[in-house]
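# A closer look at the structure
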Amino acid sequence: MAAANYHRSEDQFLCSICLDVFNDPVTIPCGHNFCKNCITEHWNTSDQYRCPMCKEAFTNRPKLRINTFISEMVGQFRDKAQQEASSSSSELQESKPVEVLCEACTGTKQKALKSCLDCLVSYCETHLEPHLTASRLKRHQLIDPVENLEDRMCTKHDKPLELFCKTDQTCVCTLCSILDHKTHKLVPLKEEYEEKKAELEETETEIQQMIQKRRLEIQEIKHSVDLSKDDADREMAEGVRVFTALKESVERGQAEFIDTIEKKLKTTEKQAEAFIKELEQEICELMKRSTEVQQLSRSEDHLHLIQRVQSVNSAPPTKDWTEVNVCQPLYEETVRKAVAQLEETLSEEMKKLIQVELKRVQQYAVDVTLDPDTAHLDLILSDDGKQVHHGDVTKNLPDNPERFSLCVCVLGKQSFSSGRFYFEVQVKGKTCWFLGVVRESINRKGEITASPEEGLWSICLRNGNKYTALDDPPVRLSLKCRPEKVGVFVDYEEGLVSFYDVDSAALMYCYTDCSFTEKLFPYFSPYLNKGGKNSAPLILTPVSVK
């Protein structure tokens, strides 16, 4: 692909397939970038067009387009890398040791051509001539020129170090091999050199593999951070939407409440105004009659008074006001209806959130099977390990350490000591059951107090209609409908155990701030048969995301 000299700060220029600097970087529809040849070869050898990073699948093979921005950035990076490499090369050249000079030259010393391990002297081309022509000197061992020839000689015997003692892991001369290392395993220095060189090459290969793994780990961590950011953005957007809806609902409810109160008050005021107007009219009529009575009573005409008194004494046409009153409206009922409407809106939003939440936790579904070695002797398991019910006959099986002796329950084969997992259990037709997770050290031979303190996080159904979370203290669950399938979700690191009514997408109960320090196992108890009333099995069902 491309040159591999780069710093950790330039990891963004790496292709996640070849783990090298981008060469012809292209972008695919999901937004991730790869070398053009890398992604082409990847899709040529795969039956699906899927992103190697986020695993998004594409129906048709995406058209690849060069990412000009990354291409320019990579170009700038390559120039920088070459400049650094050139600078490093210059520094290395400057730090090279001084070349070896001929020790036989008396005047200006010439560059040495060879060093003699017998003479312990380095010679230039001119002074090397005797070693190439004189028969006695031809037997001397010549090597490429080196400094400090004394370091290549045995300090004890003053002979060249030509052998390697594998027993003592040290370089020795021929005399050492005869006198001090006679029984040791010796090999020529060149042979040991080749072996050590091969070891170094293997070490270098391993180191490069470790580096590549760590680079890939960096990419995965970065990808996880990106996914977390996407999740955070999505959750934030959803939260803002929910709170905005609730805020609008509150404001709308408040406006409707105020409007209703004002309308009731106006109705009352209109009724009172009508009564007051009618009363004022009657008062006016009565005042006229009072004036007539007063005038007649002052009259001295005997005949006139007698003739008029009967008409004056008769009461004017008025209403009986003893039973008439202004109706006081019940404002409390208005408040209750407004709050009830707000509660209904909140309930609807909660249901939407739980539906989204359930879909997300279902992504962590695991395939759980029942472990017969843990099953109580009264329990009957299906051959596929997916169903369990209480039998009428106690089986004759070994009482192994894993088996529950008193508690009528069974565990899943799978254990979990990190991460998240989810499974679903059908409880349809049962009048009693227990579900949850337990820690590995749960008491298997005696009574179990169902509580987190004892290492059991569960919910149960008793007597056909009493749903309870076996917390400390136990919590009675008020469910809107009878669940037929229960989902169990665990987040080990977050210390979370949640139970869902799968069909209605409702949260039944959630344990929070749990402290998990051991392996966790799925826990199932179909409870007693009860004469056939509770004979239906607990069934582990495949998870289907709706």
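The structure this text deals with has already been given above.
Below or above, wherever it landed, is the structure these notes cover.

Parameters at a glance
- Residues numbered from 1 in each chain as written.
- Predicted model: local features only at pLDDT ≥ 70, side-chain atom pairs only at ≥ 80, totals over all residues.
- Heavy atoms only, no water.
- Helix = DSSP H or I, 4+ residues; strand = E, 2+ residues; numbered from the N terminus.
- Rg over C-alpha atoms; globule rule 2.2 N^0.38 Å.
- Contact = heavy atoms within 4.5 Å.
- Areas by Shrake-Rupley, 256 points an atom, 1.4 Å probe, with all protein chains shown as cover.
- Lys, Arg positive; Asp, Glu negative; His and termini not counted.
- Charge placed at Lys NZ, Arg CZ, Asp CG, Glu CD.
- Pairing = 2+ DSSP bridges.
- Axes fitted to C-alpha atoms, helices over the stretch in contact; angles between N-to-C directions.
- Core = buried A, V, L, I, M, F, W, Y, C linked by side-chain atoms within 4.5 Å.
- Buried < 20%, exposed > 50% of the residue type's maximum accessible area, 1.4 Å probe, protein only.
- 1 Å grid on protein atoms, 1.4 Å probe; cavity = no way out; pocket = protein on both sides within 12 Å on 5 of 7 lines; lining within 4 Å.
- Points joined across faces, edges and corners; volume = space filled by probe spheres on them.

### Describing the overall build of the protein chain
Along the backbone of the protein chain there are eight helices and 24 strands. Since a compact globule built from 546 residues should have a radius of gyration of about 24 Å, the 48 Å found for the protein chain marks it as more spread out than a globular shape. For the protein chain, the spread of C-alpha atoms along the three principal axes comes to 190 × 75 × 50 Å. Within the protein chain, residue pairs in contact and separated by at least 24 positions form 56% of the contacts whose partners lie at least 6 positions apart. Accessible surface, the protein chain: about 34,800 Å² in total, of which carbon and sulfur atoms supply 52%. Both charge centroids of the protein chain, one from 70 positive and one from 89 negative side chains, sit 4 Å from each other.

### Describing the sheet that holds strand 24 (residues 538-541)
Pairing in this open sheet of seven strands is antiparallel, and the strands run 12-13-24-15-20-21-22 from one edge to the other. A single partner strand is all that each edge strand has here, and the edge strands are strand 12 (379-381) and strand 22 (506-511). Across the sheet, the mean angle separating the axes of adjacent strands is 20 degrees when strand polarity is ignored. Pairing analysis gives seven bridges linking strand 15 (residues 420-426) to strand 20 (residues 485-491), with the strands arranged antiparallel. Looking across to strand 20, one finds that Tyr-422 is bridged to Phe-489.

### Overview of the nonpolar core
By size, the foremost hydrophobic cluster in this structure holds 50 residues, and its most contacted members are Trp-433, Ile-459, Tyr-511 and Phe-524. If we skip the residues at most four places from it in the chain, Trp-433 touches Val-427, Ile-459, Cys-460, Leu-461, Tyr-467, Val-486, Ser-525 and Leu-538. Counting 18 residues, the second largest nonpolar core, distinct from the first, contains Phe-22, Ile-28, Cys-51 and Phe-58.

### A look at the side chain of Glu-192
Along the chain, Glu-192 falls in helix 6 (residues 189-297). Among all residues touching Glu-192, those that are not within four sequence positions of it are Phe-164, Lys-166 and Val-187.

### Re the layout of surface pockets
Of the volumes computed, that of the largest pocket is approximately 780 Å³. Residue lining of the largest pocket: 20 residues in total, with Asp-231, Arg-234, Arg-360, Tyr-364 and Arg-420 positioned closest to the centre. Those elements giving two or more residues to the lining of the largest pocket turn out to be helix 6, helix 8 (331-361), strand 20 and strand 21 (496-501). Looking at the lining of the largest pocket, the element that brings in the most residues is helix 6, giving six residues.

### Describing the pairing of strand 24
Covered by surrounding structure in strand 24 are Leu-538 and Leu-540 together with Ile-539 and Thr-541, the residues of both alternating faces. One ladder, built from two bridges, connects strand 13 (residues 387-390) with strand 24; its direction is antiparallel. Counterpart to Gln-387 in the pairing with strand 24 is Ile-539. As judged from the three bridges shared by strand 15 and strand 24, these two strands associate in the antiparallel manner. Paired with Val-425 across the strands is Leu-540, a residue of strand 24.

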